[in-house]
Amino acid sequence: MDPFHQRIRRAISDEHLQEALDGNARRRVEARVTAFGSLPDWPERRQRAHAVRADVIENLDSYLEQFIHNAQNNGITIHRAKDAAEAVKIILDLVGAGGRPPLQKLIAKSKSMISEELDLNPALEAAGHRVVETDLGEYIVQLRGERPSHIITPAVHLRRSDVGQLFHDKLGIPYTEDVPTLTNTARKVLREVFLTADVGLSGVNFGVAETGGICLVTNEGNGRMVTTLPRTHIALMGMERLVPTLDDLALMLTLLPRSATGQKLSVYTQLIHKPLDGQQRHIVILDNGRSRLRASPLRESLYCIRCGSCLNACPVFRELGGHAYGAVYSGPIGSVISAGLFGSEFAPLAQASSLCGACKDACPVDIDLPKLLTRVRAGQADVERKEGQGLATPLKAGLQAFSLAARDPRLFAASQKLAALGTNLVSPASPWMHLPAATGWGYSKDFPKFAIKPFRERFIRQAAERAELKTTPQESPSKVHTSAVQRDCVQQFTEELNAVGGHILLTQDATASIIDFLHARNVDRIHLEPNTLDESALAAAGFTVAHAPDPSIRVGVTKALRGLADTGSVLVVDGDGHPLEASLLPEVHLVVLRKSDILPSLEDAIHLLRESRSAVVITGPSRTGDIEMTLTIGVHGPGEVHVFLTK
Amino acid sequence: MPTVQLFVTCLIDSFYPHVGEAVVDVLRRLGVDVDFPRDQTCCGQPNFNAGLREEAKPIAQHTIRTFEAVDGDVVIPSGSCAHMLRHNYAELFADDPHWLPRAKALASRTYEFTEYLVDKLGVTDVGARWDGPLTYHATCHLHRGVGVDRQPRTLLAHVRGAEVRPLPEEYDCCGFGGIFSVEHPELSAEFLKRKIRNLESTQSPTLVVADTGCLMHIAGGLHRQQKTQRVIHIAELLNNI
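Residues numbered from 1 in each chain as written. Chains lettered and ligands numbered in written order. Predicted model: local features only at pLDDT ≥ 70, side-chain atom pairs only at ≥ 80, totals over all residues.

**Regarding the domain arrangement of chain A**
Residues and elements named next belong to chain A. Rules: Note that domain bounds follow an automatic or database assignment of domains. Contacts are defined on C-beta atoms placed from the backbone: any two residues whose C-beta positions lie within 7 Å are in contact. Here a strand is any run of E in DSSP of at least two residues, a helix any run of H or I of at least four, and the numbering for each starts at the N terminus. Lys, Arg, Asp and Glu make up the charged group, whereas Ala, Val, Leu, Ile, Met, Phe, Trp, Tyr, Cys and Pro make up the nonpolar group; the residues left over, Gly among them, are polar.
The domain boundaries assigned to chain A delineate domain 1 (1–37 + 297–423), domain 2 (39–286) and domain 3 (489–646). With centres defined by C-alpha atoms, the gap from domain 1 to domain 2 works out at 28 Å. Taken together, the contact between domain 1 and domain 2 spans 27 residues of the former and 33 residues of the latter. When contributions to the side of domain 1 that touches domain 2 are tallied by element, the ones reaching two or more residues are helix H2 (15–37) and helix H14 (309–313). The leading source of residues in the side of domain 1 that touches domain 2 is H2, at ten residues. Across the side of domain 1 that touches domain 2, the residue classes tally to 14 nonpolar, eight polar and five charged.

**Considerations on the interface of chain B and chain A**
Contacts between the two partners involve 70 residues from chain B, matched on the other side by 63 residues from chain A. Among the residues making up the side of chain B that touches chain A, the classes are represented as 30 nonpolar, 21 polar and 19 charged.

**Overview of the domain arrangement of chain B**
Residues and elements named next belong to chain B. The domain architecture assigned to chain B consists of domain 1 (3–119) and domain 2 (125–238). Taking only C-alpha atoms, the centre of domain 1 and the centre of domain 2 are 22 Å apart. If you look at the interface, domain 1 gives 29 residues, while domain 2 gives 23 residues. Of the residues belonging to the side of domain 1 that touches domain 2, the class tally is 16 nonpolar, nine polar and four charged.

**Section: unusual backbone geometry**
Residue and element names in this part refer to chain A. To keep things clear, this is the line we draw: Buried, partly exposed and exposed are defined by the number of other C-beta atoms within 10 Å of a residue's own C-beta, namely 20 or more, between the two limits, and 12 or fewer respectively, with C-beta atoms placed from the backbone.
Of note in this structure, Arg 306 is not a glycine but carries a positive phi near 55 degrees. With respect to the secondary-structure elements, Arg 306 resides in the loop between helix H13 (290–295) and H14. Residue classification places Arg 306 among the partly exposed residues on the basis of 17 C-beta atoms within 10 Å. Unlike most non-glycine residues, Asn 531 shows phi in positive territory, near 60 degrees. Relative to the helices and strands, Asn 531 is located in the loop between strand E14 (525–528) and helix H24 (535–540). Here Asn 531 falls in the exposed class, since 10 other C-beta atoms lie within 10 Å of it.

**Points about the sheet that holds strand E2 (residues 33–35) of chain B**
All names here are of chain B. The criterion, for reference: Two strands are said to pair when DSSP picks up at least two bridges between them. Every axis corresponds to a line fitted to the C-alpha atoms, with the helix fit spanning only the stretch in contact, and the corresponding angles, defined between N-to-C directions, vary from 0 to 180 degrees.
Pairing in this open sheet of four strands is parallel, and the strands run E2-E1-E3-E4 from one edge to the other. Taken across any chain shown, the strands that pair with only one partner, and hence form the sheet edges, are E2 and strand E4 (110–112). Between one strand axis and the next, the sheet turns through 35 degrees on average, direction left out of account. Taken together, the three bridges between strand E1 (residues 3–6) and strand E3 (residues 73–76) define a ladder with parallel strand orientation. Residue pairing for E3: Leu 6 is matched across the bridge by Val 75. Where helix H7 (residues 113–120) meets the sheet, its contacts fall on E3 and E4, and the angle it forms with E4 comes to roughly 100 degrees.

**A few points about the environment of Val557(A)**
Residues and elements named next belong to chain A. Considering the arrangement of structural elements, one finds Val 557 in strand E16 (residues 555–559). By C-beta crowding, Val 557 is classed as buried, having 29 other C-beta atoms within 10 Å. In the structure, Val 557 is positioned 26 residues away from Ser 583 in sequence and 7.0 Å away in space, judged by C-alpha atoms. Beyond its immediate sequence surroundings of up to four residues, Val 557 is in contact with Ile 514, Ile 526, Leu 528, Glu 529, Thr 532, Leu 533, Ala 582 and Leu 590.

**Some words on the sheet that holds strand E5 (residues 129–136) of chain B**
Residue and element names in this part refer to chain B. Strands sit in the order E6-E5-E7-E8 across an open sheet of four strands; the sheet is parallel. The outermost strands of the open sheet, each flanked by one partner alone, are strand E6 (160–165) and strand E8 (230–233). If you compare each strand with its neighbour and ignore which way they point, the axes differ by 40 degrees on average.

Put into structure tokens, the structure is as follows:
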């Protein structure tokens with residue numbers, strides 16, 4: 001048996017894995033359906049998103065040029081790598097340059113599938129550096145010495161007991177299955193890493209050509225940490241990962257989180273345009289087979305925005321999980337691009353599909369994955385175009401013979417008769433045949449006998465009965481009159497913020513309300529964004545105010561540039577007094593927002609972020625679902641978000 | 001009265017001729033003249049799906065020629081084969097200026113059976129009856145491939161006496177997938193197990209499908225597991241008067 005089939009059997013017989021995967025499929029699919037319920041025009045958005053991505057891939061060279069030009073003008077250093085080896089060399093050079101002796105550096109890394117493509121961690125470690133994955137799921141698989149098994153939920157294959165045992169073995173804590181305790185343990189360990197790391201490594205969800213900015217979407221806060229705290233930030237980006245404009249980005253952001261995790265917006269949507277004070281930012285743009293893929297009939301697969309919803313919808317992924325694919329990218333999209341990016345040894349993955357089309361239905365940019373799978377099967381990932389790639393030899397021979405018969409009606413009819421006689425000999429008494437498992441079909445089902453008299457011999461030409469055609473009038477689908485109820489933005493903002501676990505307080509005087517809050521919490525020191533509260537009143541009330549990050553401070557207070565009604569989000573932008581850190585490092589984030597600054601949605605606000613060095617859209621407290629998809633609040637970012645809404 | 005050309009599909013022709021007869025009976029009862037071009041064989045989907053496109057092409061060309069020779073709409077009692085003609089022929093001949101327009105012309109006059117009844121004839125009640133519970137499995141290429149889902153459900157809803165019970169996870173693949181069921185027996189078996197479990201949970205003795213590939217697959221699994229449920233094609237149900 002070939003290794004792929006062996007891995008398939010192993011995955012299927014692993015009961016724990018099956019349980020984890022069933023849970024993932026059910027919950028993710030439900031969450032996705034619910035999330036799209038709040039976006040009635042999503043089919044139309046999906047087609048627009050498809051068109052945007054098609055345009056980007058069609059005109060990739062000019063969009064890349066525009067993106068690079070703008071990013072460089074913003075003070076970001078751009079590096080281009082044609083393959084994995086080149087990218088690794090660039091990153092090693094960046095990491096190794098400057099900094100403190102000895103040469104070993106601490107690298108805090110947030111999720112990046114590109115880094116998996118590069119096999120980056122072993123390369124960095126071989127050079128003497130220490131790399132720590134900081135996404136909870138990635139951290140868990142790193143401790144286990146594994147690869148992520150899902151592009152969004154890396155530890156989807158594990159149960160809480162596995163994580164409990166792992167943390168007991170590797171981190172020396174008492175064994176526990178309590179997810180908040182496990183999460184908190186990782187938070188403590190990783191907090192040290194964030195604060196001392198020399199380099200932050202991240203991926204990129206989207207690059208925006210017109211601004212040269214990059215967008216990162218995360219939930220836990222680790223992505224914000226690694227892009228904000230270390231002196232050097234290196235972002236790894238696939239060359240196809242662009243959108244032309246901020247409007248296009250806003251469109252994508254309505255689809256990506258809903259598809260990936262069933263959220264209207266992820267907790268943190270960052271827009272990064274420039275380096276922060278004293279910081280170096282680099283973007284490494286990777287080709288690694290993408291140009292070849294773009295020139296092939298698999299081009300449409302480059303439209304992918306890596307949401308993972310095709311994995312969640314796929315019945316094959318539901319049986320296998322990610323590891324059995326034996327490739328960096330798994331699921332339907334992985335079965336298409338692996339052969340295209342990494343070579344035809346991955347072509348057999350595409351045979352492992354019933355072409356049921358659930359992936360296409362789930363895709364937020366409407367990639368025709370079943371069609372692409374058949375193209376891989378037809379050898380189109382390869383220049384050589386070897387048809388039937390990955391197909392077992394006897395099957396290929398059988399289908400070749402079938403093709404000869406099916407183009408000749410007389411041969412076809414004769415074969416039918418012969419088959420009927422044959423199957424009748426094999427199984428004279430029953431309408432069924434019990435085939436051996438080795439035939440494939442016989443593994444789990446019986447096969448029907450051929451009819452002795454096929455339809456073609458039974459059909460008799462005759463006129464139809466001239467009965468009156470009973471036509472019942474077509475039920476016209478009742479028009480849904482959703483008279484656009486213009487809901488009050490403040491009301492909607494409040495509901496959405498509560499739904500994501502945030503709190504809201506209406507106040508005439510933000511300083512007084514926050515003083516009350518701090519008294520109740522027994523807090524006397526805060527990290528405050530300047531010009532947010534009345535600092536003399538705070539001083540008079542006995543509070544110490546810091547305008548710089550300090551990991552021992554428990555409460556951070558910032559302004560919000562805007563609020564977003566449809567997601568309950570607040571926009572925090574970089575400025576004096578380190579508001580990005582104030583909204584990230586402390587356990588509690590207090591936000592001062594003016595009622596009149598609440599806008600309907602991100603699409604109305606995204607242009608305001610154009611001029612910022614770096615900005616983040618915060619949607620509730622930091623969270624993770626990386627352990628058995630159990631929602632845990634407060635990973636790396638604040639566990640509480642309180643909005644003080646003023647006139 | 002319209003004349004339609006029946007493309008009966010190789011599975012019905014070879015294994016389930018009575019389903020073909022049910023299709024003919026239902027259509028004739030509704031006043032439609034049914035003809036059966038005798039040169040027809042298979043649509044070529046097994047080879048196409050396996051990636052053997054060069055071998056799928058002559059089969060597709062044979063099918064196009066066979067139906068070009070006759071007039072009227074082409075009716076196919078299979079979502080999967082209808083999907084092949086309607087979408088995959090265009091993919092197969094995408095770079096072939098001679099065959100592409102001919103493939104598209106055939107696609108434009110091709111209907112899946114329930115789609116033809118409901119959308120083309122405007123019939124929702126064919127006068128069928130059925131005693132007792134049944135459940136319906138939406139086959140993948142029917143509802144996702146050709147986008148036909150409302151039509152079979154409308155027809156089912158009008159069958160007198162039938163109690164249509166919802167099938168849990170009704171849109172999940174049964175694991176047939178043509179060559180997939182042979183090439184990946186382990187995966188196929190898992191899909192099938194789940195489908196049969198869901199069927200059992202409805203306590204319905206009858207499962208209705210509109211695709212004989214899926215019918216053959218699910219029925220074969222039920223027989224192997226010595227279950228008593230029956231799988232029937234929707235034409236058999238609609239022909240039960």
